[in-house]
Structure formats: structure tokens, C-alpha cells
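# Coordinate inspection notes
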Amino acid sequence: MPQPDRPLRKLGFLTIGLFDPLDPAAGHESTLQIIELGERLGFDSAWLRHRHLQFGISSPVAVMAAASQRTSRIELGTAVTPLGWENPLRLAEDLATVDLLAGGRINPGVSVGEPMQYDTVKHELYPDTADVEDFSYARVERFARLVAGEPVREFSGKQGVVEEFSNRVEPFSAGLRQRLWYGAGSTKSAVWAGANGFNLLSSSVIFPDRDQDPDFALVQQSQIRAFREAAAAAGHGGARVSQGLVVIPTDSATPAQREKYQRYVDERTPRTAAPQGPRGMMFAADLIGSRDEIAEQLYAHAGFQEVDEVAFALPFSFDHEDYVQILTDIAGKLGPALGWASGEGSRPVR
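Right, let's walk through the structure included here. This is a predicted model, so every value here is computed, not measured. (Residues numbered from 1 in each chain as written. Predicted model: local features only at pLDDT ≥ 70, side-chain atom pairs only at ≥ 80, totals over all residues. Heavy atoms only, no water.)

### Comments concerning the side chain of Thr78
Turning to its location among the elements, Thr78 is positioned in strand 3 (residues 75-78). Within the structure, the side chain of Thr78 is placed 2.9 Å from the backbone nitrogen of Gly109, a separation counted as a polar contact. (Helix = DSSP H or I, 4+ residues; strand = E, 2+ residues; numbered from the N terminus. Polar contact = N/O pair within 3.5 Å; in protein donor to acceptor, adjacent residues only side chain to side chain.)

Right under this line is the structure:
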């Protein structure tokens, strides 16, 4: 097994927070227990996907608030919150509040673009402004300014006897702006994120440039390098990069679990054979096997070679006990095989 040039510094995981629509409370409780387990196992971060009108977490801010009161160290993030569904000012208020409750552990990841299946929901989401809403980078720029504490208006001060008003988003959480992430899938968005002071979330779904060979790892590597160049040129040389692939270690899995996991991977593998759709969407292969087998594949992965922190994605449709086994093997077996040591990167980055 090849040895890394440097050890993995931060180990995280990402979950969709799946739930049964007939008993949604149980699924949310399972997610909170998984985050608690992640902290006990020494993970540096836990990330929540954001799903609207599906059977996954629709309000990760609320779940992070709950998780912040059941944990004390692990960083909590979103990967990602689509800003097309959000009012940037209200989201900035909510995230600052939760960040203060968490002691500065929140890592909001965002993206822009028109909401998925917009035509089916725009009449409820934006009944009066659906055709003029701006889903461009300007939306996330506005959100970032508000998080940073820049003025919202000129008015501030007392009004009446007891009412006192601020000209910025309150509460203000110092350091939160430096912990904003952007979920970029293309070179263009990676460069924009670097130039605008965001950290980079690079996942298992990316879009190659037209002149690039459709090799997922090499395309991801080029996007990460383009991000770092843009960040350095803009004076953000310390910007962080996290990679999020699906990994399924089977070291302590039962025979039934291994069979279940392999079926899941086999069903998803065909989509990795060639770019999909008009934009050439590319999916990374799921990595399954023993810790040594997965570590060897990661060391050979050009995208992984560019990062020193990861947020491995948990499979969508598994059961609670499956996630316990997978997380336990990632923290106890795969992480150490990648040079990670629990606690070394555990302090929140403020």
C-alpha cells in the first residue's frame, strides 16, 4: 500500500439524514445519535445534506442546533445549502445564532443556482417574484456580506423607550465568515469560490470542462488546483479544501451487510462509466472493501492527493446499525491507515 506524502489532517462524514415519512422523528433522532457517535469516535466534522420535499433533512440549521447541545467538540456543517431556497438575511441570522450556541463550530456550505424542479415549486416558494429572483453568484455574495457583519441599512439606535436596533445582522458571530464553504462542481465555480474567500467542498459529482478528458479524479484535481490558485491570487492562501467521496469499509461488517453494501455499489456503478446529460455530469465510483483496499484506492486518486481533509459521504439508504459499523471502521481502521490521528485536527477553525 503506497504511503501518503502527508497524513490526513481532518476526518469528517456526511449524512443525508434519511427518515421514514410515517415516523420522521425517529429518523431525525437517528441522525443526532450518529453525530454523537461521530464525536465519540473522534471525527473532526459531521456534515448534513440539505433536501427539500424529500425524505431527508430539510432544515439542517435546526438539526445542527440540536446537535450542538448534544456534542462539545465536533464541527457541524452543511454540504450544501442551496441558496435558491433561502432568504440570505434570515439564513445569516439563523446560522450566526447556531454558531454561537455551538461555540464556533458551524461550517455552512452553500451553492447557488435555480432550485431543483423549480417549475413545480416556484408558485409556493416565490409566488410574487418567481420570474425575477436572482439565483446567480450575487445571491451568495449578499449572504457572505451579511454573515461578515456588513451594514444592512443606515438606521440603528434607539426608537421609543426600550427598542434598540442594529444596522447589521444580529447576533454577529466572529469567525463565521471564514468558515463559509462553497460546493463547487466546475472549474468556473471553483475559481469563483477561491477568488471570493470561500473554502471549497468538492464532492462525488463534478462537471468537466469541454476540453477535459472524462477522468473523474484528474478533473477533480484540476478544479482543486484552480481553486487554490485563485484563492492565493486573491490573498486567501489559507483556504481549506475538503473532498467528499462515498467510502464503505467492510472490515467489521457482517456477511449480510457486505452483500447489501455490494448491491448498493453495483447498482450505482454504471453511472460512473461515462459523463451524463448535456453538461457531462460525472460521478465518482463508490469505494468499498477493507481499510487497506480503500486506502490504496484513495492514495492513487488524483483528487484525494490534493487534500488533507475529507468528509466521506455515507450511503443514502442504509440502516442505523449500518452507519454505526461504517463510521466505526472509518474512524478506527481507515482513518489511521490514511495517517489520521483522532484529536489532532479537532479544534474548530475560527
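### Overview of the pairing of strand 2 (residues 45-48)
Here strand 2 shows two buried faces, one formed by Ser45 and Trp47 and the other by Ala46 and Leu48. In this sheet, strand 2 lies alongside strand 1 (residues 10-15) in parallel orientation, the contact comprising four bridges. By the bridge assignment for strand 2, Thr15 is matched with Leu48. Crossover strand 1 to strand 2 through helix 1 (residues 24-41) is right-handed. (Buried < 20%, exposed > 50% of the residue type's maximum accessible area, 1.4 Å probe, protein only. Pairing = 2+ DSSP bridges. Right-handed = clockwise from strand over helix to strand, strands pointing away.)

### Digging into the pairing of strand 16 (residues 309-313)
Regular strands place their side chains on alternate faces of the sheet. For strand 16, the buried fraction is high: five of the five residues fall into the buried class. Side-chain alternation along strand 16 places Glu309, Ala311 and Ala313 on one buried face and Val310 and Phe312 on a second face that is also buried. Sheet topology places strand 1 next to strand 16; five bridges connect them, and they run parallel. Residue pairing across strands places Gly12 opposite Ala311, the latter belonging to strand 16.

### Quick word on the packing of helix 6 (residues 187-195) against helix 7 (residues 216-233)
Helix 7 packs onto helix 6 with a crossing angle of 30° between their chain directions and a minimal axis gap of 7 Å. When the axes of helix 6 and helix 7 are compared, the pair comes out roughly parallel. Where helix 6 crosses over helix 7, the handedness of that crossing is right-handed. Taken together, the residues of helix 7 that come into contact with helix 6 (itself represented by Thr187, Ala190, Val191, Ala193, Gly194 and Ala195) are Gln223, Ala226, Phe227, Ala230 and Ala231. Across the contact of helix 6 with helix 7, the residue classes tally to eight nonpolar, three polar and no charged. (Axes fitted to C-alpha atoms, helices over the stretch in contact; angles between N-to-C directions. Parallel < 35°, antiparallel > 145°, perpendicular 65-115°, else oblique. Left-handed = near helix turned anticlockwise from the far one by under 90°. Contact = heavy atoms within 4.5 Å. Nonpolar A, V, L, I, M, F, W, Y, C, P; charged D, E, K, R; others polar.)

### Side note on the pattern of salt bridges
Side chains that differ in sign of charge can pair as their charged atoms come close. Per the stated rule, a full pass over the model turns up 20 salt bridges. The shortest N-O distance in the salt bridge between Arg90 and Asp94 comes to 3.2 Å. Of this pair, Arg90 and Asp94 both sit in helix 3 (residues 88-101), separated by four residues, roughly a single helical turn. Relative accessible area serves as the criterion here: at 29%, Asp94 is assigned to the partly exposed category. Put simply, Arg9, Lys10, Glu75, Arg240, Asp308 and Glu309 are held in one network by salt bridges that share partners. (Salt bridge = Lys/Arg side-chain N within 4 Å of Asp/Glu carboxyl O.)

### Some details on helix 3
End to end, helix 3 covers 20 Å across 14 residues, agreeing with the expected 20 Å (1.5 Å per residue, within 8%). Those residues of helix 3 that are buried lie in contact with helix 2 (60-68), strand 4 (81-82), strand 5 (106-107) and helix 5 (137-147). Backbone geometry just downstream of helix 3 places Gly103 in the positive-phi region, at approximately 70°. (Expected span 1.5 Å × (residues − 1).)

### Remarks on the nonpolar core
Core analysis: the largest hydrophobic core is formed by 88 residues, its most contacted members being Phe143, Phe198, Ile248, Phe312 and Leu338. Membership of the second largest hydrophobic core comes to six residues, among which are Trp85, Tyr118, Tyr126 and Phe135. (Core = buried A, V, L, I, M, F, W, Y, C linked by side-chain atoms within 4.5 Å.)

### Observations concerning helix 8 (residues 255-268)
Taking 1.5 Å of rise per residue, the 14 residues of helix 8 would be expected to cover 20 Å, and the 20 Å separating its terminal C-alpha atoms lies within 8% of that figure. Within the sequence span of helix 8, burial applies to Gln257, Tyr261, Tyr264, Val265 and Arg268. Around the axis of helix 8, the buried residues are gathered within 95° of arc, so they sit on the same side. Structural note: helix 8 exposes Pro255, Ala256, Glu259 and Glu267 on the side pointing more than 90 degrees away from its buried face. (Arc of directions from axis to C-beta.)

### A word on the environment of Gly104
Summarising the element assignment, Gly104 is placed in the loop between helix 3 and strand 5. For Gly104, a relative accessible area of 4% translates into the label buried. In this structure the C-alpha to C-alpha distance between Gly104 and Ala174, which are 70 residues apart in sequence, comes to 8.3 Å.

### Description of the packing of aromatic side chains
Where two aromatic rings form a pair, the distance of their centres and the angle of their planes describe that pair. Taken as a whole and judged by the stated rule, the model has 16 aromatic pairs. A ring pair is formed by Phe19 and Phe55, whose centres lie 6.2 Å apart and whose planes are at 85°; its orientation type is edge-to-face. Residue Phe19 is located in the loop between strand 1 and helix 1, and its partner Phe55 is located in the loop between strand 2 and helix 2; the two are separated by 36 residues in the primary sequence. For the ring pair Phe318 and Tyr323, a centre distance of 6.4 Å and an interplane angle of 25° mean the geometry is stacked. As far as the burial class goes, Phe318 and Tyr323 line up, both buried. The rings of Tyr137, Tyr182, Trp192 and Phe198 are connected pair by pair, giving a single aromatic cluster. For the cation-ring pair, Arg177 lies above Phe198, with the distance from its terminal atom to the ring centre recorded as 4.6 Å. In this arrangement the basic side chain of Arg279 is found over the ring face of Phe207, its NZ or CZ atom lying 3.8 Å from the centre. (Phe/Tyr/Trp six-rings, centres within 6.5 Å; stacked < 30°, edge-to-face > 60°. Lys NZ or Arg CZ within 6 Å of the ring centre and 35° of its normal.)

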